[in-house]
Amino acid sequence: MKYIKIYSFLFFLVFSLAQAQEETITDKNKPFSVGLHYTGNFRNDNIISDSYNGIAGLDARYTIISGEFLNFQTGFSIDYLKGRDFKQKSSIEYNSAWFFNPNVGVEFNIKNSGFKPFFNLGYNLINYSYTIYGSDFTLFDPSDPSFTGMKQNKSNENKSSISLQPGARFYFKNKIYLETSYRFLPIENNVNIHLFNLGLGVNF
C-alpha cells in the first residue's frame with residue numbers, strides 16, 4: 001500500500017506539470033540529458049553504508065517544462081556499489097548493490113549564468129546481495145585454504161525509501177555540464193544513507 005501511494009503521488013505530480021506545459025513553456029525544445037557520475041557512499045553505521053563502496057552511476061533526464069526562471073524535469077538514475085574488501089575471520093562477503101531512483105525535480109535558472117541549482121524528489125529502490133559462509137553452526141574464514149567445500153548461502157535483500165537530492169549543474173555552452181549533488185535516503189529508523197555524486201553530462 002505504501003508503494004502504491006508513493007508511485008501515485010509521483011505520477012500525479014508529473015502529469016500535473018505536463019498539463020501546465022502549454023501555458024508556461026517558453027522553450028519549445030524539451031531536451032534530454034544523460035550523465036555519468038561517481039557515486040560516493042558515506043559510512044553511517046548500517047549494513048549498506050558500511051558494507052558497500054560507491055562506484056558509478058548513470059542518470060537520464062527530460063525537461064517537461066522550460067520557463068524563464070524554473071525548469072521542471074523528470075528523470076531516472078541507476079547507481080552501482082561494490083562490496084568493501086572482505087575481512088579476515090568474517091563469515092559474510094558483501095557482493096554488490098544497485099540503486100534505482102525515478103524522480104521529479106526543479107532546476108533554477110540564474111540569469112546570464114551557466115550555474116543552475118536543482119532539487120529532486122524521488123523514490124529509491126535498493127537491491128543488495130551478500131554471501132554467508134559456514135557449515136552447520138560453525139563459521140569459517142573463506143580465505144583459509146581449508147575452506148573449500150564449506151556451505152555458501154547467497155542472499156538478496158531489498159529496501160526502499162524516498163530520496164531528497166539537492167545539487168547544482170554548471171553548463172558549458174548549454175550542452176555539456178558538470179553536476180554535483182547530495183542524496184539523502186531516510187530508509188527507516190536509524191538507517192539513513194548519504195550519497196555524493198560528481199559527474200559530467202550532455203544535453204541533446
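Please read all numbers here as calculations on a predicted model, not as lab measurements.

Cut-offs applied
Residues numbered from 1 in each chain as written. Predicted model: local features only at pLDDT ≥ 70, side-chain atom pairs only at ≥ 80, totals over all residues. Heavy atoms only, no water. Helix = DSSP H or I, 4+ residues; strand = E, 2+ residues; numbered from the N terminus. Buried < 20%, exposed > 50% of the residue type's maximum accessible area, 1.4 Å probe, protein only. Contact = heavy atoms within 4.5 Å. Areas by Shrake-Rupley, 256 points an atom, 1.4 Å probe, with all protein chains shown as cover. pLDDT = per-residue confidence, 0-100. Core = buried A, V, L, I, M, F, W, Y, C linked by side-chain atoms within 4.5 Å. Polar contact = N/O pair within 3.5 Å; in protein donor to acceptor, adjacent residues only side chain to side chain. Salt bridge = Lys/Arg side-chain N within 4 Å of Asp/Glu carboxyl O.

> Sorry if this is basic, but what is going on with the overall build of the chain here?
If you tally the helices and strands in the chain, you get three helices and eight strands. Helices and strands in the chain line up, N terminus first, as α-α-β-α-β-β-β-β-β-β-β. Each of the 204 residues in the chain was classed as buried or not, and the buried ones make up 39%. Partitioning the intrachain contacts of the chain with sequence separation of at least 6 by distance along the chain shows that 62% fall at a separation of at least 24. In the form shown here, the chain has an accessible surface area of approximately 12100 Å², with 61% of it arising from carbon and sulfur atoms.

> Is there a simple way to explain the confidence of the model for the chain in this structure?
Low-pLDDT portions of the prediction should not be read for the details of their coordinates. Across the chain, the average pLDDT comes to 82, with 75% of residues at 70 or higher. Here residues 20-28 is modelled with pLDDT under 50, and outside its nearest four sequence neighbours on either side it reaches 13 contacts, counting other chains as well.

> Help me out: how do you make sense of the nonpolar core in this one?
Generally speaking, soluble globular proteins have nonpolar side chains that are buried together. Among the nonpolar cores identified, the biggest contains 13 residues, and I48, F99, I126, Y128, L185, I187 and I193 are the most heavily contacted of them. Those elements giving two or more residues to this core turn out to be strand 4 (92-108), strand 5 (115-134), strand 7 (176-188) and strand 8 (191-203). Residues in contact with L185, not counting those within four places in the same chain, are F99, N124, I126, S161, I162, S163, V191, N192, I193 and L195.

> What am I meant to see in unusual backbone geometry here?
Among all residues except glycine, the phi angle is most often negative; among peptide bonds, the trans geometry is most common. The phi torsion at D45 lies on the positive side, around 55 degrees, for a residue other than glycine. Here D45 is to be found in the loop between strand 1 (32-41) and helix 3 (47-51). What makes D45 exposed here is its relative accessible area of 72%. Positive phi values are uncommon outside glycine, yet N112 reaches one of about 55 degrees. For N112, the location among the structural elements is in the loop between strand 4 and strand 5. Residue N112 is classed as exposed on the basis of its relative accessible area, which comes to 78%.

> I'm lost on the environment of N71 in this one. Help?
Here N71 is to be found in strand 3 (residues 70-83). Overall, N71 belongs to the buried group, its relative accessible area being 6%. Through-space distance from the C-alpha of N71 to that of F108 is 6.5 Å; in sequence the pair is 37 residues apart. Setting aside its immediate chain neighbours within four residues, N71 contacts T63, I65, S66, G105, V106, E107, N109 and K116. A distance of 3.3 Å separates polar atoms of two side chains, one belonging to N71 and the other to S66.

> Would you mind showing me how to read the environment of F108 here?
Along the chain, F108 turns up in strand 4. Sequence separation between F108 and G67 is 41 residues, and the spatial gap between their C-alpha atoms is 9.4 Å.

> It is not clear to me how the side chain of Q165 should be interpreted in this structure. Could you clarify?
Turning to its location among the elements, Q165 is positioned in strand 6 (residues 151-172). The exposure class assigned to Q165 is buried, which follows from its relative accessible area of 6%. Of the polar contacts made by the side chain of Q165, one reaches the side chain of S181; its length is 2.9 Å. Beyond its immediate chain neighbours, meaning those up to four positions away, Q165 contacts N101, F118, F119, N120, S181, Y182, R183 and N197.

> Help me out: how do you make sense of the pattern of salt bridges in this one?
Evaluated as defined, the whole model comprises four salt bridges. Between R169 and E107 there is a salt bridge, with its nearest N and O atoms 2.9 Å apart. One end of the pair, R169, is in strand 6; the other, E107, is in strand 4, and 62 residues separate them in sequence. Note on accessibility: R169 and E107 belong to one class, buried. Two residues, K159 and E188, come together in a salt bridge whose shortest N-O distance is 3.6 Å. One end of the pair, K159, is in strand 6; the other, E188, is in strand 7, with 29 residues separating them in the sequence. A residue is classified by how much of its surface remains accessible, and K159, at 21% relative accessible area, is partly exposed.

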